[in-house]
Structures are given as C-alpha cells and as structure tokens.
Amino acid sequence: MRLLRYFLFRLLQMFPIALFIVVINFALIHMAPGDVSILLAGEGADPQYMEEVRQRYGLDLPLYQQLGAYIGQLLQGDLGLSFRTREPVIGIIAERIPATLLLAGTALVLASVLGVIIGAVMARRPGSAMDTAVTTLSISLFSIPVFWLGLMLILLFAVTLRWLPSSGMVSIAGPREGIGYILDVAMHMILPVLSLSAIWLGQYVRLSRASVSETLAEPYVTTARAIGFPERRVMSRFALRNAMLPIVTVLGLELGLLLSGAVLTETVFSWPGLGRLIYEAILSRDTPVIMGAFLIMSFTVMLAALLTDLLYAALDPRVRL
Amino acid sequence: MTPGLAKTVRGTLRSLPGALSLTVLAVIVAAALLAPVLGLPDPAEMAFDLYQSPNADHWLGTDNFGRDIFARVVWGARVALVVAIGAALLSILIGSVLGAVAGYFGGWIDGLLSRVFDIFLLIPTFFLILLIVALFGASLPLTIVAIALTTWPRSARLMRSQVLTLKSRVYVQAALAAGASHWWVIVRHVIPNGIAPIITDGTILMGMAILTEAGLSFLGLGDQNLVSWGGMIFEGQRHLRLAPWMSIAPGVALLLLVASLNLLGDSINFAMNPQLRTRGGAPKARTRVAPPANEPEPTAETPILEVEDLRLVYTAGDRKIAAVDGVSFSLPRGGALGIVGESGCGKSSLGSALLQTMPNNAELTSGTIRYDGKAIVLNGKPVAEKGRSRIDALRWTRMATIFQSAMNALNPVTTVRRQMMDALRLHKPGIGKEEAAARIGEVFDMIGIPRSRMNAYPHQLSGGMRQRAMIALSLILEPELVIADEPTTALDMLIQDQILGEIADLRERLNLSLILVSHDMGAVAESCETVAVMYAGRIVEIAPTRRIFDRPAHPYTRTLIGALPSLTGPLEDLASLPATDTEAAASATGCRFAHACPAATDLCRAQVPPAVDLGDGHVSECHYAEDFAAEAADPQEARA
Ligand code: SF4
C-alpha cells in the first residue's frame, strides 16, 4: 500500500521530466541548421512524403502549435519513418530492444553483483595495501574507453587465439533453435559482456567500497558488535543491508551512462541492438531514428529511475510520502 | 596558499597514485604543448609506407595512409586536452553560477533550479550530446559546448550545497550585515570557499569529457579536420587484423590520460578527507593472551568490574592521542558508577574499551580489566580461553550496553522487535518462537513501551520511545552489568528525567550493576552512588555521589557542578566550564587542568598532582585537594 502510493506519486513526478525531454528534442530540431521537414523526413525523401510530413507535424503553423502536433504524434507512438528503410521508427527500435536488454542486463547483473561483493570485502580492511590496489585498479577499469577494450578483446580472443566469435549475435550457419542456439548466442555474448561489465565493475567496486565502509562506521554496527553478532552477520545484516541504499540510488542515476557504454560496445561487436542501430543511423544520416533512439533511451532511463526509487522505498522503511 | 590547501597538495603528492598520475599528466601536457616543435613528421602527411609495424623510423608504426602513428598520438593529445579543459571549464562556470544562485537566494529560485538539476541528472547525456552533434554537424567546439551543456548540473549541485553551508557562516552574515551587495558576497566569499570540491569533481569531469569525445569520434561523429584518439581508433577498427597497432596506441593514450585524471581526483579527495581511506572496516585482529595462571575463584565480594591503569591511544596520521590515560576504578556487584566529563574527555573511549568495541585506530597500550574476578583484558591485550575471547562469552548475556539512540544506535531498516528477536536467538539458539515473543513482550512491558509499537521501525518512534527500545534491547538477555553511554542526551528535559528514573528503578528491581557515562552531573546523581569525574583522559576525582556534590575536592569538579544549578543550590562563585583542550592538557608537564584552573599555581604547572586520598573512597588528583574539600564543606555545614 505504502509502496503503491509512493509509486503513483513518483510516476506523476515523471511527467514534467518527460515533457522536458520532448521539448528539448523539439527545440533541437528547430534550432538545427537545415529544413525541419528534411530532418523529420530524412534527406532526399520524395516530395510527396515530405509534404505528408509537413502536414502531420503542422510545420506551417505557429511554433507552439507545432509543439502540440509533435507531442500528439509522439503520444500516438509515432516517431516518424526511418529515412533509410521507410519503416516506422518505433517498430525498428522495438525490434532492437531485446538484444540490447540481453547484453546490457547480463553485464549489469554480473558487474553489480561482483562489484558489490568485492567492494564490501575491501571495505573490511580500509587503507590496506590490497584496498589501495583494488581502488586504483577499479579507477583504471572505468577509465578504459569501452569500445577500445572491446577491440582489444577481439584482437586477443578472436583474431589471435581464435577462441571466440568477434561479431554478431549468432553464427551465420549456426543452429536456429534449441540448446545449440542458446550456446551459440552465449558464445557471441562473452566478449561484449566482458568488456561492458569490466568497465561497470570498476564503478560498482568503488561505489560499494565507499558505501559499505561508511555504514561500518555507523553506531548501529557498533551495537551489533557489542551484542556479539559474528562479523559475517554484522556485514550482511547491518552494513550491507544499509549500504545497499546509496548503491541502489547511484545505480538508477547512472543508468544513462551505462546505456552509452552499451551503444559503443554494440558498435564494436556488431551486436544487433539499439546501439548498433544508432551507429547505422549516424552513418546513413537517418535523423528520425537518432531522435527516436534518444527519446526511447531517455524514457528508459526515467523508467529505470522510477524502478530504483521503488526498490529504494522497499529497502528503506524510512521513505514516506 | 592557505594551510588547508597546502596540506591537500602535500597529501596528494605524497600518495603514490597522486604522484604517479600527476607525472603522467605532466608528460602528456608537455607533449601536447611541444607537439609543433618536437620535429615529428606531419601527422597528416601520407606516404607510401602503409601499414608499417612499429620500427625505428616510425615508433608506433604507420596507418593505412602511411601516416606516422606516434606523431598522430602526440597531436591527438592536444584535442583530448582541449576537450577536457574546455568542456570542464565551461561546465563548471555554468554550474557554479547557477548553483551559487540557487543556494544563495533559496526560495522559489532554488526550488526551480534544483528541479532542473534533477531533471538533467535523469537525461542520458551521451545520447543528448550525440543527437546535438548529429543534428548540428560534427565539430570540436560544438562537441565541447554540448558536453558542457549536459554536464553542468554536477557542479551546480556541488556548488549549491557548498553555498548553503557557507551561507550560514559568520563572515558571510557579517559581510551582508555590513551592507555588501548579494553578488559581491557570492563572488568575494562563497565561490572561493566552495570551489575546492568542484575542482576535484572537475578532474572527473575532464575524464568524462575525453571519453565522450572519443566515443563520438568512434561513432563517426568526430571533427574530421583534427586528429583525435577516438577517431584514430575508429579508423583502426577497420584494419584491426592487418594493423592492430593503429588502434592499440591511441587507446593506451586515452586510458593513461583518463585514468590519471580520475586517480588525481581520487587522491585529492582523500588528501582533503584522510579519514575516508581508513574509516570503518571490520575490527582488526588483536593479539590475544592466555588468562593469567591461578586466578582466584570469584566470591560474593569480588567486584563485578575492576579496571587498572587502562590506557587507550588513538593514532591519527602520525599523531598519537591518549584518550584514556591511566584509569583505574572498581565497581562492586550491584553498584552504580557515574562517569562524567565533557565531550572529548575520554569517557566514551573508556566505555568502548570496556566493551572491546574500539575503532581500529585505537589501541589499548596498557591496563587490565577484570570481570567478576576474571581478566578480560590483560596488559592491554584481550584475554582468550580455548580460542575464544573471554569478552565474547560475556557479550549481552552478562554485559550489555545502552547507546544513545538518537545517534542511530538501532538498525534503521529493521523493526525493533526483530532486532530484539535476533539478539535473543543469537545467544539462545534453541529458544522457541513463542517463548521468545513472550520474553520480548515482557521486556517491553517492563520498560513501558506499548506492545502495539513492537513492530515499529526506529524512525517511527519518538525520541523517548526509541531510547526505551534501546534499553529494552539491552535487557533482553538479563545481563548483570549495563554500560549506558549518554542514554538521555538529545532528549528533552522531561523525557530525560523519566528515562533516568526508569533506569534507576530497573537497576533496583533487576539488581543490575550500572556504569552511566554522561556529560551531565545531574544525570548521574540520581542513579549512581559513586561518581568519577574525567578530564583529559584521567579520572581526576572519584567519590560517593553525596560527597562529591557536598565537598568537591577538585576545581574541575566544581566547575562541572557549577553548570548544574538545582541539586544542592548554587555553590560559591562558579566559573563557567572551560573547554577541554585534550592535547594541550595531555602534554602538560604538571597538572592537566592547570591551563584552565582558576586556582593554578607554579607548583601545579611544574608537578603532576598526586592522587590524594580523602577517606571514604574520595580521591582527588589535585595538589590542594584537602583545602578544597575543607573549604567546600564549610558553607554546607553552615547551611545545615
Ligand atoms: S593541581 Fe593545581 S591546577 Fe591542578 S586542579 Fe589542583 S589547583 Fe588546579
């Protein structure tokens, strides 16, 4: 009940943000050099389609009505047509989402779980040589350009050692169903997941190291020790449980950053997800797709922020309306 | 350079990552600055020697157009640094101004701006930048502006919170009162003071900007007229099999530059807040010793707690601070001892030593603690028997503690009932659900918490109830000795009295032994028959409660009592409480209180005062203890 009310409240708060994002998008289109209709329809579109676009977005009307028309189109789920394939952008994007989810989701789970564990272990011995080494290493990890790490992994494991495939999600002549298919996808996933999670791992190790050592200095941890709880329980029940709160918050806030890593990784590995789509759209100057992708990414991040908020509220009884 | 800044710089240089990253940064900056005069081949010059692997002529090889990669990497450093510095400066400028405005003026301006900051944090900046560059055309200045336009809320938030704290400071208020205009105040006082954390964040911002530019270039949105590392990797990708060196070199350069920036930011941060590196942690393993041979069996006369010459030393950086400096006392079974002193006098450190919950930077350098005749600490070392520390066998079942609940002493994410259940189950693993529930209910009744509040979280209870919950938790396993550390601080007067009354009452009923640590003489007067006054790590006076109020034989005690108006009526001209300067006091050659003592003489400053035994368990560490005791007695007798 408490959570439901909280959820609805937060959902309401998202509307102005969504509106803000749409307005930014709208403003950018109008400020950009070149004809708005070309941006919306794509360069070299045939005159008939161009006229249709002008009609639909009310491009001959005053600006505020154009904004209205634009929002109206978006609400209908109309993100325009891809200039390249002439298909609705929303469909093209939807098609690509599962692959991105698979890649980013796997890497996220891997990195966050491992990161929290390593960070928590380091927080037990703050200032030790091991702690300093791991901190330095994790800083270096997230300083690596993710696309470059991907290339280096390809160079090592695909080109030199020939252990793993370097691109795509499935082998060209591979099985299309059953366990063979799953294994095939898994093999293709190893390198992109590795590069993506390596970078994120650095973030999570640092985050959880800071957060856990913070909670370990809290009075309730001293109480737990005075009560006589063994250190392992102190860590899990008292320190980690409380440290999860800031970790979850940052996780939600940094999702946008994570997604940008996913886009770059997909580009390197020709992974058929959203990132690859954006890359292709850039190469063919397919603006409707780029704009659509920005909107979808923004809404995804908002949704994720909403979910982490909810998770936070579930974890922390102190959150109230 | 202010001392704080100098310390930060020194701290940064002294840490290995800090020094290392600064060196790498210096090399990269030098290379970028000197690129035109280094005599390198023209980075754009094409030649016929395509795809040459690294060799003597081309240290890092050549690319698909025969261009020298080393030269391109050096020139690429310029682009990276321009992006880093340009984007960070612009972003910090926009952010600081808006953040300062929001924090300074508050009200609706702050409300609106803070909302905008929050919204920006939710926008996936990389995609926004990508969209901007895709729409407006790829160029370096545009990329820089786009990065700044999407990252400024970081600095804005930092600046806002800095301004909020600084705004209340005296000198800003003074400047305003003197009629300075708002803008002038911001520029003159607030920004220079608030800028430090923003600069730290700036290094991280620079790293982000470089990676963003590289990412854009890698997606083909880089400035075509410039040599950028991201762009080089973009080109190298297509020739990965044939000429891997094309992508390796610029990537390594990127990694070195960004990692140095991030490490530098981290080192500065740690240099500014050294405790960040060592705070918390699991309790460190301390060398344990075997119990002394032939300990006598405890009798009914054996004190429940005996402390002899206890010393506790904190290490902070290269400084050592003796928070407890030779403390001895003994508490008879069923007795109650109050330990009183100002904050920083070592009373809480003493409490943590008794409970063996000291932080890792604290060390017991000497002293013996006996619980019911058995040593639990011997010469500063915990005593272990059959592989288990003796203190662990006492925890909560025989010796429990009441912390100040206002200070988060209860786990905020667990219900009160659950916390009691966990403690109960820990020490009585076999206990049944019902029996446990009954015991918890019983304790709740005893403390006077309505059973309906059992399932509340700590934050849902009022201050007084929360403190009662803490007391209930301490009594759940029927301990013999309870150490209460400031159990009523931060509560209002009425509730304080109630709770102290309840503690005194429980003590009688349950025949508890009690140690009550407080800064307030009045608080201990009610529940303790003996009072020990601590100053700068030592017990300077100890006596039966009545006696210490009637005939305080130490000037410090008298000032403490002076701060307490009602109990025995005003004593004669009472000095206000001098602040403890523990360090100055501990390093004094004579009496530690001499620097603040109204009665100090040359003797006091030259010689450590002896412990003067005034009879009936009254001991005072003052050269003139006898005189004070006699003098204080007079008005009392006269009044009687
Ligand atoms: S010894 Fe001297 S300085 Fe110290 S408390 Fe007594 S009178 Fe004051």
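Calculation rules
Residues numbered from 1 in each chain as written. Chains lettered and ligands numbered in written order. Predicted model: local features only at pLDDT ≥ 70, side-chain atom pairs only at ≥ 80, totals over all residues. Heavy atoms only, no water. Helix = DSSP H or I, 4+ residues; strand = E, 2+ residues; numbered from the N terminus. Rg over C-alpha atoms; globule rule 2.2 N^0.38 Å. Buried < 20%, exposed > 50% of the residue type's maximum accessible area, 1.4 Å probe, protein only. Contact = heavy atoms within 4.5 Å. Areas by Shrake-Rupley, 256 points an atom, 1.4 Å probe, with all protein chains shown as cover. Lys, Arg positive; Asp, Glu negative; His and termini not counted. Charge placed at Lys NZ, Arg CZ, Asp CG, Glu CD. Pairing = 2+ DSSP bridges. Axes fitted to C-alpha atoms, helices over the stretch in contact; angles between N-to-C directions. Core = buried A, V, L, I, M, F, W, Y, C linked by side-chain atoms within 4.5 Å. Buried area = accessible area lost by both parts, 1.4 Å probe. Salt bridge = Lys/Arg side-chain N within 4 Å of Asp/Glu carboxyl O. Polar contact = N/O pair within 3.5 Å; in protein donor to acceptor, adjacent residues only side chain to side chain. Phe/Tyr/Trp six-rings, centres within 6.5 Å; stacked < 30°, edge-to-face > 60°. Expected span 1.5 Å × (residues − 1). Patch = residues over 30% accessible without salt bridge, like charges linked within 9 Å, V, L, I, M, F, W, Y side chains within 5 Å. Domains from an automatic or database assignment. Nonpolar A, V, L, I, M, F, W, Y, C, P; charged D, E, K, R; others polar. pLDDT = per-residue confidence, 0-100. Near = heavy atom within 4 Å. Parallel < 35°, antiparallel > 145°, perpendicular 65-115°, else oblique. Left-handed = near helix turned anticlockwise from the far one by under 90°.

Attention now moves to the overall build of chain B. When you go through chain B residue by residue, the secondary structure sums to 23 helices and 15 strands. Expected size for 640 residues packed as a compact globule is a radius of gyration near 26 Å; at 34 Å, chain B overshoots this value by more than 25%. For chain B, the spread of C-alpha atoms along the three principal axes comes to 110 × 65 × 50 Å. Within chain B, the fraction of its 640 residues that count as buried is 53%. Within chain B, residue pairs in contact and separated by at least 24 positions form 67% of the contacts whose partners lie at least 6 positions apart. Total accessible area on chain B is roughly 27500 Å²; 59% of this is exposed by carbon and sulfur atoms. In chain B, 53 positive and 58 negative side-chain charges are present, and the distance between their average locations comes to 6 Å.

On to the sheet that holds strand β2 (residues 319-331) of chain B, then. Residues and elements named next belong to chain B. The 5 strands lie next to each other as β2-β1-β4-β5-β6, forming an open sheet whose pairing is antiparallel. Only two strands of the sheet have a single neighbouring strand rather than two, namely β2 and β6 (381-382). Taken together, the 2 bridges between strand β5 (residues 374-378) and β6 define a ladder with antiparallel strand orientation. Bridge assignment links V377 to a residue of β6, and that residue is P382. On top of the sheet, helix α12 (residues 347-355) reaches β1 (305-316), β2, β4 (362-371) and β5; it is set at about 115 degrees to β1, its chief contact.

In this structure, A:W200, B:L130, B:W229 and B:L257 are the most contacted members of the largest nonpolar core, which totals 153 residues. In contact with B:L257, not counting residues within four places along its chain, are B:L25, B:I28, B:A80, B:L81, B:I210 and B:W229. In terms of nonpolar packing, the next biggest core, distinct from the first, is built from 113 residues, B:I339, B:A532, B:I548 and B:I561 among them.

Next up on the list: the sheet that holds strand β15 (residues 619-620) of chain B. Residues and elements named next belong to chain B. Reading across from one edge, β9-β10-β11-β3-β12-β13-β15-β14 is the order of the 8 strands in this open sheet, with mixed pairing throughout. Each edge of the sheet is formed by a strand with only one pairing partner; in this case those strands are β9 (399-402) and β14 (612-613). With 4 bridges joining them, β9 and strand β10 (residues 481-485) adopt parallel strand pairing. Following the sheet pairing, A400 is matched in β10 by V482.

On to the interface of chain A and chain B, then. Taken together, the contact between chain A and chain B spans 85 residues of the former and 70 residues of the latter. Between chain A and chain B, the buried area comes to about 6900 Å², and carbon and sulfur atoms account for 74% of it. Among the residues chain A hides against chain B, the three largest losses belong to A:F147, A:W148 and A:I227. Together they make up 9% of the total. Between chain A and chain B we count 2 salt bridges in total. Between A:R237 and B:D422 there is a salt bridge, with its nearest N and O atoms 2.8 Å apart. Taken together, chain A and chain B are joined by 13 residue pairs in polar contact (both at pLDDT 80 or more). No other element matches helix α1 (residues 2-31) of chain A, which puts 11 residues into the side of chain A that touches chain B.

Tallied over the full model, the rule gives 12 aromatic pairs over all chains. For the pair A:F20 and B:F120, a centre-to-centre distance of 5.9 Å together with 75 degrees between the ring planes defines the contact as edge-to-face. A residue pair is termed interchain when its members come from two chains, as with A:F20 in helix α1 and B:F120 in helix α4 (residues 107-122). According to the relative accessible area criterion, A:F20 is partly exposed, its value standing at 27%. Residue classification places B:F120 among the buried positions, given a relative accessible area of 11%. Relative to A:W163, the ring of A:F157 has its centre 6.0 Å away and its plane inclined at 40 degrees; by these criteria the two rings are tilted.

So, about helix α13 (residues 287-315) of chain A. Counted at 1.5 Å a residue, the expected span for α13(A) with its 29 residues is 42 Å, and the 42 Å between its end C-alpha atoms agrees. Burial of α13(A) is extensive: 21 of the 29 residues sit out of reach of the surface.

Within the secondary structure, B:K381 is located in strand β6. Each C-alpha atom, one on B:K381 and one on B:S366, is 7.9 Å from the other, the two residues being 15 residues apart in sequence.

Let us look at a nonpolar patch on the surface. Residues B:V29, B:L33, B:L34, B:V37 and B:L38 make up a contiguous nonpolar surface patch of roughly 460 Å² in combined accessible area. Relative to the helices and strands, B:L34 is located in helix α2 (residues 16-34).

Let us look at the domain arrangement of chain B. All names here are of chain B. The domain boundaries assigned to chain B delineate domain 1 (3-276), domain 2 (396-528) and domain 3 (546-565 + 575-639). Opposite the 4 residues of domain 2 that make contact, domain 3 presents 6 residues. Interface of domain 2 and domain 3: buried area, both sides summed, is about 350 Å²; carbon and sulfur atoms make up 92% of it. When residues of domain 2 are sorted by the area they lose upon contact with domain 3, M521, G522 and A525 head the list and together hold 90% of the total. Where domain 2 packs against domain 3, one counts 0 salt bridges. Counting across the domain 2 and domain 3 interface gives 0 residue pairs in polar contact (both at pLDDT 80 or more). Within the side of domain 2 that touches domain 3, the residues separate by chemical class into 2 nonpolar, 1 polar and 1 charged.

What follows is about the side chain of A:D309. By secondary structure assignment, the location of A:D309 is in helix α13. Setting aside residues no more than four positions away along its own chain, A:D309 makes contact with A:Y6 and A:R10.

Before going further, it helps to examine helix α15 (residues 433-447) of chain B. Residue and element names in this part refer to chain B. Taking 1.5 Å as the rise per residue, α15 with 15 residues should run 21 Å; its terminal C-alpha atoms sit 21 Å apart, in good agreement. Buried within α15 are the following residues: A436, R439, I440, G441, V443, F444 and I447. Considering only its buried residues, α15 is in contact with α14 (416-427), α16 (463-475) and α17 (493-510). With its phi angle positive at about 85 degrees, G448 sits one or two positions after the end of α15.

Turning our eyes to something else, we now look at the confidence of the model for chain B. All names here are of chain B. For chain B, per-residue confidence averages 84 on the pLDDT scale, and residues scoring 70 or more make up 92% of the total. Taken together, the stretch residues 563-580 has pLDDT below 50 and engages in 33 contacts with residues farther than four places along the chain or on a different chain. Note on residues 636-640: pLDDT under 50 across the span, and 4 contacts to partners over four residues away in sequence or across chains. We note a pTM of 0.83 for the whole complex and an ipTM of 0.89 for its interfaces.

What follows deals with the site of the ligand. Close contacts around the ligand come from B:H554, B:P555, B:C591, B:F593, B:A594, B:C597, B:A599, B:A600, B:C604, B:C622, B:H623 and B:Y624, and that covers them all. Looking at the shell around the ligand, its residues break down into 10 nonpolar, 2 polar and no charged.

Residue and element names in this part refer to chain B. Across the 10 residues of β4, 7 count as buried, placing the element largely inside the fold. Two strands pair when backbone bridges link them, and β1 and β4 are joined in this way by 8 bridges, in the antiparallel orientation. Following the sheet pairing, E308 is matched in β4 by T368. Examined bridge by bridge, β4 and β5 share 3 bridges and lie antiparallel to one another. Each residue of the ladder has a partner; that of I369, found in β5, is V377. A loop of 2 residues connects β4 with β5, the two strands running antiparallel in sequence, and D372 in this loop sits at a positive phi of about 50 degrees.

Our focus in this paragraph is the side chain of B:S247. Position of B:S247 among the secondary structure elements: in helix α10 (residues 245-272). Discounting chain neighbours no more than four positions away, the residues touching B:S247 are A:W148, A:L151, A:M152, B:I233, B:G236, B:Q237 and B:L240.

Another aspect to go through is the pairing of β2(B). Both β1(B) and β2(B) contribute to a ladder of 10 bridges, which runs antiparallel. Bridged to B:L312 within β2(B) is B:V324.

To continue, consider the packing of helix α6 (residues 129-141) of chain A against helix α8 (residues 178-216) of chain A. All names here are of chain A. At their nearest, the axes of α6 and α8 sit 7 Å apart, and the two run at 140 degrees to each other. Here α8 runs oblique to α6, going by the angle between their axes. For α6 against α8, the interelement crossing comes out left-handed. Along its contact with α6, which presents D131, V134, T135, S138, I139 and L141, the element α8 presents A198, I199, L201, G202, V205, R206 and R209. Partitioned by chemical class, the residues of the contact of α6 with α8 number 7 nonpolar, 3 polar and 3 charged.

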